Amino acid sequence: MLRDERPGTLAECRQAIDRVDAALATLLERRAELAGVVQRLKPVGGFAGRDLGRERDVVARMAVRAPALGESRLSAIMNAVIEAGLHLAEERSDR
Ligand SMILES: C=C(O[C@@H]1C=C(C(=O)O)C=C[C@H]1O)C(=O)O
């Protein structure tokens, strides 16, 4: 997945993207599960306990590994990822 592959055709590029997306889906599911555990451990979980400083640190660390995307684009991506995790945690806490 992290190989610097150079697919030459449209089909090869899409196959390479599909492999990356498969890994991303697994990682996103794992991340959401971990973030859900955090919500139960914090004194105030869910959206009410949102920690924007921590979220900024997450994005800044990711930007070091993804400099072409950079903080601004990563921030939009991670905001969606984090909010999806918080929604899932709140749904589960309702049960
Ligand atoms: C997971 C936490 O709760 C929230 C979700 C975060 C995340 O998904 O990375 C980060 C900060 C908080 O807004 C946390 O506080 O660490």
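Nothing here was measured: the structure is a model prediction, and the numbers come from that model.

Ranked by size, the top nonpolar core spans eight residues in total: Val58, Val59, Ala63, Leu74, Met78, Val81, Ile82 and Leu86. Secondary structure elements with two or more residues in this core: helix H2 (52-65) and helix H3 (70-94). Take this core: its biggest share by element is five residues, from H3. If near-sequence neighbours (up to four positions away) are discounted, Leu86 is found in contact with Gln39, Gly46, Phe47 and Arg50.

For the rest of this paragraph, the subject is the site of the ligand. If you check the shell around the ligand, you find Arg31, Ala35, Val38, Gln39, Lys42, Arg50, Asp51, Arg54, Glu55 and Ile82 and nothing else. Lys42 places a side-chain nitrogen or oxygen 2.8 Å from an oxygen atom of the ligand. In isolation the ligand offers 360 Å² of accessible surface; the protein chains occlude 91% of this area. Mapped by element, the contributors of at least two residues to the shell around the ligand are helix H1 (10-41) and H2.

Here H2 spans 20 Å end to end across 14 residues, near enough to the 20 Å set by a 1.5 Å rise per residue. Those residues of H2 that fall on the buried side of the exposure criterion are Glu55, Val58, Val59 and Ala63. All buried residues of H2 lie within an arc of 135 degrees about the axis, which places them on one face of the element. Opposite the buried face of H2, at more than 90 degrees from it, the exposed residues are Arg54 and Val64. Buried residues in H2 make contact with H1 and H3. Its side-chain oxygen placed 3.2 Å from the backbone nitrogen of Gly53, Asp51 serves as the N-cap of H2.

Let us look at the pattern of salt bridges. Across all of its chains, the model carries four salt bridges by this definition. Of the charged contacts, one joins Glu5 and Arg19 as a salt bridge, the two residues approaching to 3.1 Å between their closest N and O atoms. Pair noted here: Glu5 is in the segment before H1 and Arg19 is in helix H1, with a separation of 14 residues, a long-range link. Owing to a relative accessible area of 43%, Arg19 belongs among the partly exposed residues under this scheme. Through salt bridges that share partners, Arg50, Glu55 and Glu83 make up one connected network.

Let us look at H3. Taking 1.5 Å of rise per residue, 25 residues should cover 36 Å, and H3 covers 36 Å from first to last C-alpha, within 8% of that figure. Along H3, the positions that sit buried rather than exposed are Gly70, Leu74, Met78, Val81, Ile82, Gly85, Leu86 and Ala89. Against the buried residues of H3 lie H1 and H2.

Procedures and definitions
Residues numbered from 1 in each chain as written. Predicted model: local features only at pLDDT ≥ 70, side-chain atom pairs only at ≥ 80, totals over all residues. Heavy atoms only, no water. Core = buried A, V, L, I, M, F, W, Y, C linked by side-chain atoms within 4.5 Å. Buried < 20%, exposed > 50% of the residue type's maximum accessible area, 1.4 Å probe, protein only. Helix = DSSP H or I, 4+ residues; strand = E, 2+ residues; numbered from the N terminus. Contact = heavy atoms within 4.5 Å. Near = heavy atom within 4 Å. Polar contact = N/O pair within 3.5 Å; in protein donor to acceptor, adjacent residues only side chain to side chain. Areas by Shrake-Rupley, 256 points an atom, 1.4 Å probe, with all protein chains shown as cover. Expected span 1.5 Å × (residues − 1). Arc of directions from axis to C-beta. Salt bridge = Lys/Arg side-chain N within 4 Å of Asp/Glu carboxyl O.

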